[in-house]
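Close look at the chain arrangement
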Amino acid sequence: VGISILCLPLGCIWVSIGWMLQFAHAEEEVVQYASQYGRLAVFSLWPRVIYVLLSTYFSSLQIVLPTAVFAIISLICHAFLSWILVHGIGSWSGIGFIGSPISIAIVIWMRFL
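These remarks concern the structure in this document. This is a predicted model, so every value here is computed, not measured. (Residues numbered from 1 in each chain as written. Predicted model: local features only at pLDDT ≥ 70, side-chain atom pairs only at ≥ 80, totals over all residues. Heavy atoms only, no water.)

As a further point, take a nonpolar patch on the surface. Taken together, the side chains of Tyr33, Ile89, Trp92, Ile95, Phe97 and Ile98 define a hydrophobic patch exposed on the protein surface, amounting to about 540 Å² of accessible area. Here Ile98 lies in the loop between helix H5 (65–87) and helix H6 (99–112). (Patch = residues over 30% accessible without salt bridge, like charges linked within 9 Å, V, L, I, M, F, W, Y side chains within 5 Å. Areas by Shrake-Rupley, 256 points an atom, 1.4 Å probe, with all protein chains shown as cover. Salt bridge = Lys/Arg side-chain N within 4 Å of Asp/Glu carboxyl O. Helix = DSSP H or I, 4+ residues; strand = E, 2+ residues; numbered from the N terminus.)

This is the structure we're talking about:
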């Protein structure tokens, strides 16, 4: 429960990253991309934090093989899924930049489950 509560402020920062970059006078295109990315990547925040906590716990017990195997599988899945969502496959042209945070969220949730 505590981790879920601590994810709220970090999620708010991710969602409002566009405003922060505007305040820092970043280029408008960078602000737009960061805003889109932050709003979509926030859906992967909670399972990412839980996965890091569990992998750290297992690492302290010197159980690293499951974490390494899941990391490799996640990397391969993310590469293929990201390619498909960003660039498309066959006659489907993909969804562009937005496909990247969606791909990350899907892979992180798959890794968590």
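The structure having been displayed, the exposition proceeds.
Now for helix H3 (residues 28–41). Here H3 contains 14 residues, and its C-alpha end-to-end distance of 20 Å stays within 8% of the 20 Å for a straight helix at 1.5 Å per residue. Among all positions in H3, only Val31, Ala34, Ser35, Gly38 and Ala41 are buried. Down the axis of H3, the sector holding all buried residues measures 145°, keeping them to one side. (Expected span 1.5 Å × (residues − 1). Buried < 20%, exposed > 50% of the residue type's maximum accessible area, 1.4 Å probe, protein only. Arc of directions from axis to C-beta.)

Our focus in this paragraph is the packing of aromatic side chains. In this structure the tally under the stated criterion is 4 aromatic pairs. Look at Tyr57 and Phe58: their rings are 5.5 Å apart centre to centre, the planes differ by 55°, and that puts the pair in the tilted class. For Tyr57, a relative accessible area of 46% corresponds to the partly exposed category. You can call Phe58 partly exposed: its relative accessible area is 35%. Feature note: the residues Tyr33, Tyr37 and Phe97 constitute an aromatic cluster, connected by ring pairs. (Phe/Tyr/Trp six-rings, centres within 6.5 Å; stacked < 30°, edge-to-face > 60°.)

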